[in-house]
2 protein chains.
Amino acid sequence: MIYRYNYNNPLNTGAVVKNISYQQQGQDFFAQRTNDENTIFTRKMDKDDIVFGLGETLRGINKRGWRYESYCSDDALHHEGKSAIYGAHNFLIIKNENITSGIFIDFPGKIIFDIGSKNYCLMEITVFGKDFDLYLISGNNEQEVTTQFRTLIGKSYIPPLWAFGYQQSRWGYRNAEDVLKIADEFEQEGIPLDSIYLDIDYMQRYKNFTVDKEKFPDFQAFVRKMKERGIRLVPIIDAGVKIEEGYEVYEEGVKNNYFCKREDGSDFVAGVWPGKTHFPDFLNKKASKWFGNWYKTLIDQGIEGFWNDMNEPAIFYSEEGIEKALSNFDKIMQKPLDVTGYFALLDNFNQLSNNREDHKIFFHNIDGKLYPHNEVHNLYGFYMTKSASEAFEKISPNKRVLMFSRSSYIGMHRYGGIWTGDNCSWWSHILLGIQQMASLNMCGFLYSGTDIGGFGGDTSEDLMLRWLQFGIFTPLMRNHSAFNTREQEPFRFSLKNEMKNTIELRYSLIPFIYSTFIDAAINDKMYFKPLSFDFPQDKRAALVEDQLFIGDEIMIAPIYQQGAKGRYVYLPEDMVLVKFKSYGQRTYQRLKKGDSYISVELDEIPIFIRKNKAIPLIKPAKNTDQLDWANMEMLAYIEDGESYTFNLYKDDGYSKNYTSFIKIGLENHNDELTFTEKPNINISLTNI
Amino acid sequence: MIYRYNYNNPLNTGAVVKNISYQQQGQDFFAQRTNDENTIFTRKMDKDDIVFGLGETLRGINKRGWRYESYCSDDALHHEGKSAIYGAHNFLIIKNENITSGIFIDFPGKIIFDIGSKNYCLMEITVFGKDFDLYLISGNNEQEVTTQFRTLIGKSYIPPLWAFGYQQSRWGYRNAEDVLKIADEFEQEGIPLDSIYLDIDYMQRYKNFTVDKEKFPDFQAFVRKMKERGIRLVPIIDAGVKIEEGYEVYEEGVKNNYFCKREDGSDFVAGVWPGKTHFPDFLNKKASKWFGNWYKTLIDQGIEGFWNDMNEPAIFYSEEGIEKALSNFDKIMQKPLDVTGYFALLDNFNQLSNNREDHKIFFHNIDGKLYPHNEVHNLYGFYMTKSASEAFEKISPNKRVLMFSRSSYIGMHRYGGIWTGDNCSWWSHILLGIQQMASLNMCGFLYSGTDIGGFGGDTSEDLMLRWLQFGIFTPLMRNHSAFNTREQEPFRFSLKNEMKNTIELRYSLIPFIYSTFIDAAINDKMYFKPLSFDFPQDKRAALVEDQLFIGDEIMIAPIYQQGAKGRYVYLPEDMVLVKFKSYGQRTYQRLKKGDSYISVELDEIPIFIRKNKAIPLIKPAKNTDQLDWANMEMLAYIEDGESYTFNLYKDDGYSKNYTSFIKIGLENHNDELTFTEKPNINISLTNI
């Protein structure tokens with residue numbers, strides 16, 4: 001059951017699609033109090049309560065033991081001490097021995113969730129405002145609660161099939177020549193590839209919807225030629241619009257009052273990559289429609305996918321901030337410099353970037369009413385992506401466009417995916433990625449992935465390979481890295497053959513991954529699941545932080561520690577461990593329910609097939625267009641007397657007709673595996 | 001065997017105490033090449049080679065897979081992306097299937113160790129100079145190599161017994177009143193305590209060897225009164241000497257040319273906590289003797305221990321740096337601010353702190369020869385601590401003084417301990433601490449520990465408890481935190497009883513910890529050992545990154561993950577698991593060699609007693625002075641027909657007569673445990 005509680009006059013954020021009547025009586029799940037500006041909820045937790053949720057944020061699948069801030073933040077150095085990153089997803093599940101409860105606070109401003117950090121047995125939620133909806137969901141277990149929540153917030157976005165291929169990105173591909181060279185090297189090395197990303201350098205002076213003609217003399221022809229090779233180009237779109245006379249986007253925005261404004265009605269100015277910019281007011285319906293339509297200029301040149309970036313929005317500095325810092329600087333320098341002065345000097349400039357005080361001085365116009373940015377901050381990235389997605393509906397109504405965003409709020413999952421933002425080349429960020437995938441799936445963000453290999457910092461060779469080995473399971477599989485870091489395309493490494501084998505395995509898994517994804521999206525299911533979602537009574541399963549189910553058929557347990565040649569796994573049921581060195585080179589091992597240590601050499605990828613389940617495998621190909629779905633292998637662990645039917649979603653890969661699937665039915669009769677339903681494709685069977 | 005190879009004209013760093021003749025022929029372990037300034041060693045590694053060593057640095061016990069920089073660095077935010085921290089310990093062990101090799105590069109400048117980061121199977125060591133000694137050690141295994149190395153570098157420092165008690169610190173105890181309040185609270189809560197630390201605030205304007213009379217009106221009496229309560233005060237000494245007319249240390253230093261100088265002969269000026277300071281030239285023998293002698297002023301007031309800090313040395317800014325930054329600032333501001341200008345602005349001030357260019361502009365006078373600081377950088381903290389320690393030898397020749405340092409180089413282990421510097425309240429820093437303890441012990445740094453609970457950032461309640469549960473095993477057990485972070489004395493938490501029980505258990509273990517420590521120090525053994533040091537043939541043991549042996553008797557396996565209620569352990573032999581809720585509340589469980597998952601509730605501390613071993617336990621007391629060593633329990637896991645003798649080191653706890661011990665001999669005869677040697681103390685026996 002979902003119970004909705006009203007707190008004063010909430011803004012309709014668009015998170016929810018199902019209209020639920022307000023409860024007449026107040027909630028009694030939390031103790032609550034208010035002060036001048038905030039609403040504070042508290043609840044005692046039992047010693048063994050587990051708390052799931054919060055989508056993209058930091059730390060474990062079990063959120064207990066830290067203080068999380070829901071306020072979309074551009075913070076690339078998200079180490080363990082941080083509280084907020086790019087997304088803000090206010091959904092929690094409290095798993096108590098007697099009752100499982102879901103909580104969703106539909107509020108677009110800042111919230112702090114202290115989940116047993118101050119006091120281990122206390123949950124304290126501080127909503128920095130008084131106008132919001134609180135949803136309480138009751139269910140028998142975490143899966144039931146999540147399914148209800150997913151029904152509340154609507155169906156997840158589905159990208160085209162090619163977006164399930166391997167994608168190569170780097171901030172540093174400067175021009176057509178660079179991109180071509182990357183494509184050529186992939187081809188020479190025989191490493192599959194479906195797309196190459198264009199980071200900010202493709203634009204003319206970082207102006208959205210422009211292409212630098214010196215770098216890409218004939219962009220449209222270039223896009224076409226690359227597509228003929230099976231490679232889509234995916235350009236970045238940043239939130240800020242450069243202030244430049246003669247630049248059409250800028251001029252239209254100013255003329256029509258489409259930009260966020262200061263209190264005095266002037267357009268707010270923020271320094272970002274292009275220099276001084278204005279921020280489109282995506283929360284203003286007209287502005288949103290206008291901005292979305294601009295994507296057409298690139299679609300018309302053959303582009304089929306985009307990533308929306310810098311949309312927390314990231315602000316390097318505001319004009320007001322610079323002014324203040326310079327006047328402060330003069331004050332500091334009037335005295336002889338001592339240690340206090342020195343620290344003041346550093347702080348003075350370092351606080352310029354993403355200073356939250358700046359969020360109070362610009363405004364959104366929502367249906368004629370002005371809202372200071374800080375009050376609706378968490379919606380900005382969401383509405384930028386909604387703006388694009390609603391435009392795509394008109395530009396190409398029945399064609400899926402790849403779209404994902406850095407910043408997000410619950411509800412955005414209907415319009416696009418996300419990547420987990422600017423991570424680092426750290427082992428701990430592989431683990432974080434595993435944990436984020438689980439939590440994001442609870443909130444409907446199915447199309448997601450990490451920057452494989454790490455965005456910031458220099459990757460090491462084994463880290464890169466191990467990260468790829470996890471990355472082959474994420475719907476969005478993109479290798480991305482920052483300017484001035486070590487180049488990390490797979491062919492840069494002495495372990496490139498191992499990396500090639502890994503990427504090829506991804507392609508072999510695409511029928512499974514794609515089918516599982518579509519099934520999850522159209523049926524409000526999860527693609528990635530923590531173990532306890534299928535085994536809610538299993539107390540050990542609830543504590544597992546580094547293994548995930550994918551769909552109903554497999555479990556993954558990636559290696560995410562430097563130097564590890566194996567790892568422990570907890571199996572809530574009997575499974576078969578398949579260790580792949582490549583698509584064709586594999587070993588099988590039956591494992592009993594319980595704990596095991598498994599050895600996993602640097603070139604091995606473990607996949608666990610669950611009991612009485614089967615998955616399809618196909619031969620790898622150089623890209624998704626070339627995959628041969630007509631020849632398939634079913635890799636099964638079906639015991640004698642048991643059967644399983646896999647639903648294979650196979651479509652044209654780009655139109656919006658998702659619902660048809662092919663049944664592949666298998667049964668084990670006297671230790672012989674046979675079909676109970678066999679489609680008209682060539683399928684070989686391997687039972688383990 | 002140890003082989004010593006000469007490279008040109010090395011400085012005698014003092015790392016080594018055993019004179020070994022140079023080999024006549026060059027080494028052929030590494031391929032080597034030189035360029036204008038550097039010497040580069042390379043060696044191919046086998047796929048399964050494991051590399052131990054590098055003392056305090058970052059990452060795992062197995063160092064393979066990252067690039068480490070040996071250059072003492074004041075970096076409190078040492079996340080996974082960093083390469084250098086406070087210590088520089090150039091000792092490595094390569095464990096290959098056929099041969100185990102030790103490497104020590106005795107060089108006081110910068111070295112970069114790329115251990116399979118660029119290329120997984122390549123070790124590349126870049127020595128930023130041409131004058132050094134290279135030692136190569138061959139042995140049958142890692143323990144043999146380490147023992148030889150330890151013999152080469154001399155015996156480890158031993159602190160007084162009280163320094164094995166629980167120690168409370170915080171940057172933020174401002175005055176006698178604050179300190180008293182802390183002491184009172186410990187007493188009221190009945191939590192044991194042996195010392196309280198005085199961070200920089202006790203001094204008069206951060207001047208070394210002064211005490212602020214407003215804050216401590218009668219320091220000597222205060223020190224005495226606290227000691228009567230069983231609490232020693234441990235003041236900080238920073239490297240920099242404040243420039244202030246009339247301040248004796250400053251005036252003597254200037255007059256006698258005891259400070260590091262610029263090229264023009266003037267005293268180098270660095271901004272640190274006291275504002276402008278000079279750096280004592282600890283590498284100058286006279287200056288070292290002079291500075292060391294100043295510790296006497298505090299010893300004369302009753303002080304029995306010190307910590308040397310900021311001795312990398314940390315430099316907030318140099319005069320030259322500030323001047324350059326300000327002129328740069330003017331240049332940046334001449335143009336309208338764009339994004340490039342904005343980043344230049346930030347960098348301009350942020351690069352002031354610990355800028356390595358500053359290390360080139362001040363000099364040390366070593367026996368009349370001038371060395372730019374960067375060439376001898378890694379010796380600075382070492383020689384500061386040596387200066388103090390050599391003075392203690394004269395001030396109180398037969399009394400141990402507590403001394404530990406932040407910065408260090410191999411050789412300093414003879415003069416003092418170290419703590420692992422300014423860490424953070426992160427779970428990953430518990431694990432890092434476990435790993436650092438192993439590597440530090442290889443380099444002779446036995447008296448060491450982490451800032452328990454984390455120095456920077458706000459601790460969470462369970463993190464604090466779990467960290468204490470590891471901290472009870474480190475010889476230096478100090479809870480320390482930074483100004484403006486959450487207060488983390490044990491009595492601040494709702495879990496304070498669990499914390500009290502944990503600290504009490506430390507006191508019960510002191511006879512074991514102290515005996516193991518003294519034995520390790522006087523016999524060149526390790527207090528903490530990675531598992532493979534006792535099981536060099538066990539390939540699984542060599543991969544274990546989160547368990548340690550202490551001495552020969554026990555294994556620890558701390559919990560270091562948020563939310564964990566248990567963990568996996570690998571046992572290279574049968575053991576008994578003792579889970580303590582407190583000294584008295586425990587459960588026993590025999591575990592077989594191999595892998596196990598053990599449940600460990602938040603209030604439980606697991607200790608594994610090895611097969612046919614025994615440890616002493618005593619009743620906890622409010623401090624080390626009060627411990628009753630005359631009533632003891634031997635907790636044993638001795639199988640039928642087997643025996644074990646524990647060497648109990650029991651002395652006055654402060655004099656330098658370490659070598660005497662008492663034998664406690666036990667044997668199991670027909671499943672009855674009896675003494676084979678029994679000293680004249682009351683000992684009860686528990687065999688499990």
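Since this is a predicted model, take the numbers as computed values, not measurements.

What counts and how
Residues numbered from 1 in each chain as written. Chains lettered and ligands numbered in written order. Predicted model: local features only at pLDDT ≥ 70, side-chain atom pairs only at ≥ 80, totals over all residues. Heavy atoms only, no water. Helix = DSSP H or I, 4+ residues; strand = E, 2+ residues; numbered from the N terminus. Rg over C-alpha atoms; globule rule 2.2 N^0.38 Å. Buried < 20%, exposed > 50% of the residue type's maximum accessible area, 1.4 Å probe, protein only. Contact = heavy atoms within 4.5 Å. Areas by Shrake-Rupley, 256 points an atom, 1.4 Å probe, with all protein chains shown as cover. Polar contact = N/O pair within 3.5 Å; in protein donor to acceptor, adjacent residues only side chain to side chain. Least-squares fit on C-alpha atoms with pLDDT ≥ 70 in both. Pairing = 2+ DSSP bridges. Expected span 1.5 Å × (residues − 1). Disulfide = S-S within 2.5 Å. Buried area = accessible area lost by both parts, 1.4 Å probe. Salt bridge = Lys/Arg side-chain N within 4 Å of Asp/Glu carboxyl O. Nonpolar A, V, L, I, M, F, W, Y, C, P; charged D, E, K, R; others polar. pLDDT = per-residue confidence, 0-100. Phe/Tyr/Trp six-rings, centres within 6.5 Å; stacked < 30°, edge-to-face > 60°. Lys NZ or Arg CZ within 6 Å of the ring centre and 35° of its normal.

Q: What exactly am I supposed to notice about the overall build of chain A here?
A: When helices and strands are counted, chain A shows 13 helices and 41 strands. The C-alpha atoms of chain A give a radius of gyration of 25 Å, which matches the 26 Å a tight globule of 688 residues would have. Dimensions along the principal axes, computed over C-alpha positions, put chain A at roughly 85 × 65 × 55 Å. The 688 residues of chain A split such that 68% are buried. Counted over contacts in chain A with a minimum sequence separation of 6, partners at least 24 positions apart contribute 72%. For chain A, the exposed area adds up to about 23,500 Å²; of that, 46% sits on carbon and sulfur atoms.

Q: Help me understand the side chain of Asn441(A), please; the structure alone is not making it clear to me.
A: Residue and element names in this part refer to chain A. Mapped onto the elements of the fold, Asn441 is located in helix H11 (residues 427–442). Side-chain polar atoms of Asn441 contact the backbone oxygen of Met437, separated by 2.8 Å. Here the side chain of Asn441 touches Phe528 through a polar contact of 3.2 Å, landing on its backbone nitrogen. Excluding anything up to four places from it in sequence, Asn441 contacts Arg150, Leu446, Met526, Tyr527 and Phe528.

Q: How should I be thinking about the relation of the copies chain B and chain A in this particular structure?
A: Superposition of the two copies of the chain requires a rotation about an axis together with a shift along that axis. Between chain B and chain A, which share one sequence, the superposing operator has a rotation angle of 180° and an axial displacement of 0.0 Å; the RMSD is 0.0 Å. Classification of the inter-copy transformation places it as that of a two-fold axis. The share of interface residues of chain B whose copies in chain A are also at the interface is 100%, consistent with both copies meeting through the same surface.

Q: Explain the pairing of strand S21 (residues 369–372) of chain B to me, please; I cannot follow it from the model alone.
A: Remember that side chains alternate between the two faces of the sheet whenever the strand is regular. Residue and element names in this part refer to chain B. One ladder, built from four bridges, connects strand S20 (residues 363–366) with S21; its direction is antiparallel. When the bridges of S21 are listed, Phe363 appears paired with Pro372. Connecting S20 to the antiparallel partner S21 that follows it, the hairpin turn spans two residues, and Asp367 within it adopts a positive phi of roughly 50°.

Q: Just checking my understanding: could you explain helix H7 (residues 319–334) of chain A for this structure?
A: Note that an α-helix has 3.6 residues per turn; residues three or four places apart therefore point the same way. The end-to-end C-alpha separation of H7(A) is 23 Å, in line with the 22 Å expected for 16 residues at 1.5 Å each. Looking at the buried side of H7(A), the elements it contacts are strand S19 (317–318) and helix H8 (339–350) of chain A together with helix H7 (319–334) and helix H8 (339–350) of chain B.

Q: Help me out: how do you make sense of helix H2 (residues 176–189) of chain B in this one?
A: Residues and elements named next belong to chain B. With 14 residues, H2 extends 20 Å between its outermost C-alpha atoms, agreeing within 8% with the 20 Å of an ideal straight helix rising 1.5 Å per residue. Residues Ala176, Asp178, Val179, Ile182, Ala183 and Phe186 constitute the buried set of H2. Buried residues belonging to H2 abut strand S12 (166–168), strand S13 (195–198), helix H3 (219–228) and strand S14 (232–238). Following H2 by one or two positions, Gly190 has its phi on the positive side, about 70°.

Q: For this particular structure, what's the right way to read the state of the cysteines?
A: Linking two cysteines covalently via their sulfur atoms produces the bond known as a disulfide. Residue and element names in this part refer to chain A. Enumeration over the complete set of coordinates arrives at zero disulfides over all chains. Distance from the sulfur of Cys72, which forms no disulfide, to the nearest cysteine sulfur (Cys443) is 12 Å. With no disulfide of its own, Cys260 lies 15 Å from the sulfur of Cys72, the closest cysteine sulfur. What makes Cys260 buried here is its relative accessible area of 0%.

Q: Please clarify how the sheet that holds strand S27 (residues 477–479) of chain B should be interpreted in this entry.
A: All names here are of chain B. Spatially, S25-S24-S22-S18-S14-S13-S12-S27-S26 is the arrangement adopted by the nine strands of the open sheet, whose pairing is parallel. In this open sheet, the two edge strands, each paired with only one partner strand, are strand S25 (448–449) and strand S26 (451–452). When S13 meets S14, the two strands line up parallel, connected through four bridges. The partner of Ser195 across the bridge, within S14, is Arg232.

Q: How should the interface of chain B and chain A be read in this particular structure?
A: Many descriptions give the size of an interface as the accessible area lost when the pieces come together. Counting residues at the interface gives 62 residues for chain B and 62 residues for chain A. At the boundary of chain B with chain A, total buried surface from both sides reaches about 5,100 Å², with 57% on carbon and sulfur atoms. Contact with chain A buries surface across chain B, with Tyr120(B), Gln562(B) and Tyr568(B) losing the most and accounting together for 14% of the total. Scanning the region where chain B abuts chain A turns up four salt bridges. The residue Glu601(A) makes a salt bridge to Lys47(B) at a minimum N-O spacing of 3.2 Å. Between chain B and chain A we count 36 residue pairs in polar contact (both at pLDDT 80 or more) in total. At the level of elements, strand S5 (66–70), H7, H8, helix H12 (461–471), strand S31 (566–571) and strand S34 (594–599) of chain B are the ones that each hand at least two residues to the side of chain B that touches chain A. Split into classes, the residues belonging to the side of chain B that touches chain A amount to 29 nonpolar, 17 polar and 16 charged.

Q: Sorry, what's going on with the pairing of strand S7 (residues 91–95) of chain B here?
A: All names here are of chain B. Most of S7 sits inside the fold, with five of its five residues counted as buried. Burial along S7 is two-sided: the residues Phe91, Ile93 and Lys95 and Leu92 and Ile94 are all buried. Note: strand S4 (residues 50–53) against S7, four bridges, orientation antiparallel. In the strand pairing of S7, Phe52 is matched with Ile93. Here S7 runs beside strand S8 (residues 100–106); their pairing, made up of five bridges, is antiparallel.

Q: It is not clear to me how the pattern of salt bridges should be interpreted in this structure. Could you clarify?
A: Charged atoms that come close allow side chains of opposite charge to pair. Considering all chains together, one arrives at 111 salt bridges over all chains under this definition. Of the charged contacts, one joins Arg492(B) and Glu487(B) as a salt bridge, the two residues approaching to 3.5 Å between their closest N and O atoms. Using a relative accessible area of 39% as the deciding quantity, one classes Glu487(B) as partly exposed. For Asp534(B), the salt bridge goes to Arg610(B), with nearest N and O atoms at 2.8 Å. Of the two residues, Asp534(B) is situated in the loop between strand S28 (528–529) and strand S29 (548–550) and Arg610(B) in strand S35 (residues 605–610); the sequence distance between them amounts to 76 residues. In this structure Asp534(B) comes out as partly exposed when scored by relative accessible area, which is 26%. One network of salt bridges, with partners in common, ties together Asp74(A), Asp309(A), Glu312(A), Arg406(A) and Asp422(A).

Q: Help me understand the environment of Asn623(A) in this model?
A: All names here are of chain A. Assignment of secondary structure puts Asn623 in the loop between strand S36 (613–617) and strand S37 (631–637). Assessed through its relative accessible area of 1%, Asn623 is described here as buried. Along the backbone, Asn623 and Trp162 are 461 residues apart, and their C-alpha atoms lie at a distance of 7.9 Å. In this structure the side chain of Asn623 is engaged in a polar contact, spanning 3.0 Å, whose partner is the backbone nitrogen of Asp625.

Q: How should I be thinking about the environment of Trp294(A) in this particular structure?
A: Residue and element names in this part refer to chain A. Relative to the elements of secondary structure, Trp294 occurs in helix H5 (residues 285–294). Owing to a relative accessible area of 13%, Trp294 belongs among the buried residues under this scheme. Trp294 sits 154 residues away from Asn140 along the chain, and the two C-alpha atoms are 47 Å apart. In this structure, Trp294 is in contact with Phe209, Glu248, Val249 and Glu252, ignoring residues within four places of it in sequence. Here Glu252 takes part through its side chain, which lies 3.3 Å from a polar atom of the side chain of Trp294.

Q: I would appreciate a short explanation of the confidence of the model for chain A in the present structure.
A: Atomic detail in the predicted coordinates should be set aside for any region of low pLDDT. Averaged over chain A, the pLDDT score is 97; the fraction of residues at 70 or greater is 100%. For this predicted complex, the interface confidence comes out at an ipTM of 0.97, alongside a pTM of 0.98.

Q: Explain the packing of aromatic side chains to me, please; I cannot follow it from the model alone.
A: A ring pair, where both rings are aromatic, is described by two values, the distance of the centres and the angle of the planes. Here the structure, examined in full by the defined rule, presents 124 aromatic pairs over all chains. Plain terms: the ring middles of Phe29(A) and Phe30(A) are 5.0 Å apart, the flat faces sit at 85° to each other, and that makes the pair edge-to-face. Neither residue differs from the other here; Phe29(A) and Phe30(A) are each classed as buried. With a centroid separation of 4.7 Å and 55° between ring planes, the pair formed by Phe382(A) and Tyr383(A) is classed as tilted. Here Phe382(A) and Tyr383(A) have matching classes, each one buried. When the ring centre of Trp307(B) is taken as reference, the NZ or CZ atom of Arg478(B) above it lies at 4.3 Å. Against the face of Tyr583(B) rests Arg586(B), its NZ or CZ located 5.5 Å from the ring centre.

Q: Looking at this structure, how should I read unusual backbone geometry?
A: The general pattern is negative phi for most residues beyond glycine and trans for most peptide bonds. Residue and element names in this part refer to chain A. Across the junction of Glu312 and Pro313, the peptide omega takes the value -5°, indicating a cis bond. Along the chain, the position of Pro313 falls in the loop between strand S18 (305–309) and S19. In this structure, Tyr206 is a non-glycine residue whose phi angle is positive, near 60°. Considering the arrangement of structural elements, one finds Tyr206 in the loop between strand S13 (195–198) and helix H3 (219–228). On the basis of relative accessibility, which here comes to 28%, the residue Tyr206 falls in the partly exposed class. Although it is not a glycine, Phe209 adopts a positive phi angle of roughly 70°. Using a relative accessible area of 7% as the deciding quantity, one classes Phe209 as buried.

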